[in-house]
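Remarks on the overall topology
Now for the letters of each chain:
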Amino acid sequence: MLSNYRKVYCISFFLLALTLGAHAQKGKGKSAFSARLMNIESTAKEPFRYNLSLSNGSGHTELYGLRADVPEGWTVAFRAEGTQVAGLRLDSGRTQDISLEITAAPLVKPGKYNIPVMAMSQADTLHADVEAVVKGSYSVELTTPTGRLSDDITEGRSRKLQLTVKNTGTLSLEALELSAQAPASWSAVFEPSKIDRLDAGKEQQVTATLSVPDKTIAGDYVSNFTVRNNNVNSNAAFRMTVKTSMLAGWIGTLVILLSLGIVYYLIRKYGRR
């Protein structure tokens with residue numbers, strides 16, 4: 001009889017041990033850090049956005065620090081529940097969705113970049129490495145060395161303007177041509193008028209000679225300069241203030257004085273009759 005009690009006790013103890021072990025395993029699982037889409041392709045001008053998932057299976061609350069090792073010049077932002085964070089507190093058995101936004105450096109070269117992403121606690125370091133595939137982009141800017149887009153000119157004369165063509169993309173630009181849309185009877189000549197090749201991040205100085213015809217009325221005039229090829233184009237509106245020449249001013253003054261003299265003579269000669 002006593003032997004039967006011992007058997008029942010042993011079986012009960014064994015079942016209790018299994019139950020406690022099952023609960024312990026449920027409370028202490030495996031922590032995990034993963035990305036839903038680990039490989040994203042974009043241009044350097046657009047950010048790379050990843051959705052991450054962090055699970056705490058340690059059996060107790062953990063403080064996790066978030067980190068992404070990116071190339072120099074790149075920027076990183078982690079967000080949880082819409083708020084930018086550098087770390088977070090996560091209870092045992094909980095899972096937290098985290099968004100990661102990575103912005104490449106402006107002049108980064110096209111290619112695939114492996115980025116280690118980590119969630120670090122005192123007990124463990126979890127990894128969720130991602131890949132950013134940078135596509136090449138075409139971009140060009142037309143401006144001046146000083147950024148100033150205005151000048152003055154005397155009617156009947158020419159003015160040399162210094163322009164700067166910048167390759168602001170990540171791919172080389174070829175066969176760039178310059179043109180101008182100027183007021184009627186004006187002319188614009190570029191030197192050089194064509195750029196065979198302009199590498200990414202480089203710039204080329206161009207001289208534009210703008211000629212204004214005689215007897216142009218004084219005032220402000222706008223000339224639109226353009227640089228383009230089959231992939232890109234950029235415009236710069238240049239405002240020119242036309243001034244009357246000194247010679248034309250003196251001639252006008254002499255004409256007025258001569259007209260007044262003739263009127264005075266006619267009055268003196270025929271006014272007494």
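These remarks concern the structure in this document. (Residues numbered from 1 in each chain as written. Predicted model: local features only at pLDDT ≥ 70, side-chain atom pairs only at ≥ 80, totals over all residues. Heavy atoms only, no water.)

**Focus on the overall build of the chain**
Of regular secondary structure, the chain possesses two helices and 21 strands. A burial count over the chain gives 32% of its 273 residues as buried. Of the contacts made within the chain by residues no fewer than 6 positions apart, 68% connect residues no fewer than 24 positions apart. (Helix = DSSP H or I, 4+ residues; strand = E, 2+ residues; numbered from the N terminus. Buried < 20%, exposed > 50% of the residue type's maximum accessible area, 1.4 Å probe, protein only. Contact = heavy atoms within 4.5 Å.)

**A closer look at the side chain of Ser58**
Its location among the elements puts Ser58 in the loop between strand S3 (48-55) and strand S4 (62-68). With a relative accessible area of 16%, Ser58 lands in the buried category. Side chain to side chain, Ser58 and Asn56 meet in a polar contact 2.7 Å long. (Polar contact = N/O pair within 3.5 Å; in protein donor to acceptor, adjacent residues only side chain to side chain.)

**What to know about the environment of Gln162**
With respect to the secondary-structure elements, Gln162 resides in strand S15 (residues 158-167). Each C-alpha atom of the pair Gln162 and Val206 lies 6.0 Å from the other, and the pair is 44 residues apart in sequence. The residues touching Gln162, leaving out its near neighbours within four places in the chain, are Thr144, Pro145, Val206 and Thr207. One polar contact links Gln162 to Thr207, side chain to side chain, over a distance of 3.3 Å.

**Quick notes on the pattern of salt bridges**
Here the structure, examined in full by the defined rule, presents seven salt bridges. A salt bridge links Asp69 to Arg67, with the shortest nitrogen-to-oxygen separation between them at 2.7 Å. In this structure, Asp220 and Arg239 form a salt bridge, with 3.6 Å as the shortest nitrogen-oxygen distance. With Asp220 in strand S20 (residues 219-228) and Arg239 in strand S21 (residues 233-243), the pair connects residues that are 19 residues apart, well separated along the chain. Residue classification places Arg239 among the partly exposed residues on the basis of a relative accessible area of 37%. The network of salt bridges with shared partners includes Glu174, Arg197 and Asp199. (Salt bridge = Lys/Arg side-chain N within 4 Å of Asp/Glu carboxyl O.)

**As for the nonpolar core**
Side chains of a nonpolar character, in soluble globular proteins, are inclined to be buried together. If you look at the biggest cluster of nonpolar residues, it comprises 29 residues, and the most contacted ones within it are Phe33, Tyr50, Leu54, Trp74 and Val117. Among the elements that take part in this core, S3 stands out by supplying four residues, more than any other. Not counting residues up to four positions away in its chain, the partners in contact with Trp74 are Ile102, Thr103, Ala104, Ala105, Val108, Tyr113, Ile115, Ala132 and Val134. (Core = buried A, V, L, I, M, F, W, Y, C linked by side-chain atoms within 4.5 Å.)

**As for the packing of aromatic side chains**
How two aromatic rings sit relative to each other is set out by the distance from centre to centre and by the angle between their planes. Following the criterion strictly, the structure yields four aromatic pairs and no others. Where Trp74 meets Tyr113, the ring centres are 5.1 Å apart and the plane angle is 55 degrees; that geometry is what we call tilted. Taken together, the residues span a long stretch of sequence, with Trp74 in the loop between S4 and strand S5 (75-80) and Tyr113 in strand S9 (residues 111-115) at a distance of 39 residues. Here Phe190 and Phe225 contribute two aromatic rings whose centre-to-centre distance is 5.7 Å and whose plane-to-plane angle is 85 degrees, an arrangement assigned as edge-to-face. Here Phe190, found in strand S17 (residues 187-191), pairs with Phe225, found in strand S20; they are 35 residues apart in sequence, far enough to count as distant. An identical accessibility class is assigned to Phe190 and Phe225; each is buried. (Phe/Tyr/Trp six-rings, centres within 6.5 Å; stacked < 30°, edge-to-face > 60°.)

**What to know about the sheet that holds strand S16 (residues 173-181)**
Taken in spatial order, the five strands line up as S14-S21-S20-S16-S18 in an open sheet, and their pairing is mixed. On the outer flanks of this sheet lie strand S14 (150-154) and strand S18 (194-198), each paired with one strand and no other. Mean inter-strand twist for the sheet, computed between neighbouring axes without regard to direction, equals 30 degrees. Judged from the five bridges that link them, S14 and S21 form a sheet pairing that is parallel. Paired with Asp152 across the strands is Thr241, a residue of S21. (Pairing = 2+ DSSP bridges. Axes fitted to C-alpha atoms, helices over the stretch in contact; angles between N-to-C directions.)

**Some remarks on the pairing of strand S8 (residues 95-103)**
Of the two faces of S8, only the one carrying Gln96, Ile98, Leu100 and Ile102 is buried; Thr95, Asp97, Ser99, Glu101 and Thr103 on the other face are not. Of the strand pairs in this sheet, S3 and S8 are connected by eight bridges, and their pairing is antiparallel. Within the sheet, the bridge partner assigned to Ser53 lies in S8 and is Asp97. Direction of pairing for S5 relative to S8: antiparallel, over a ladder of five bridges.

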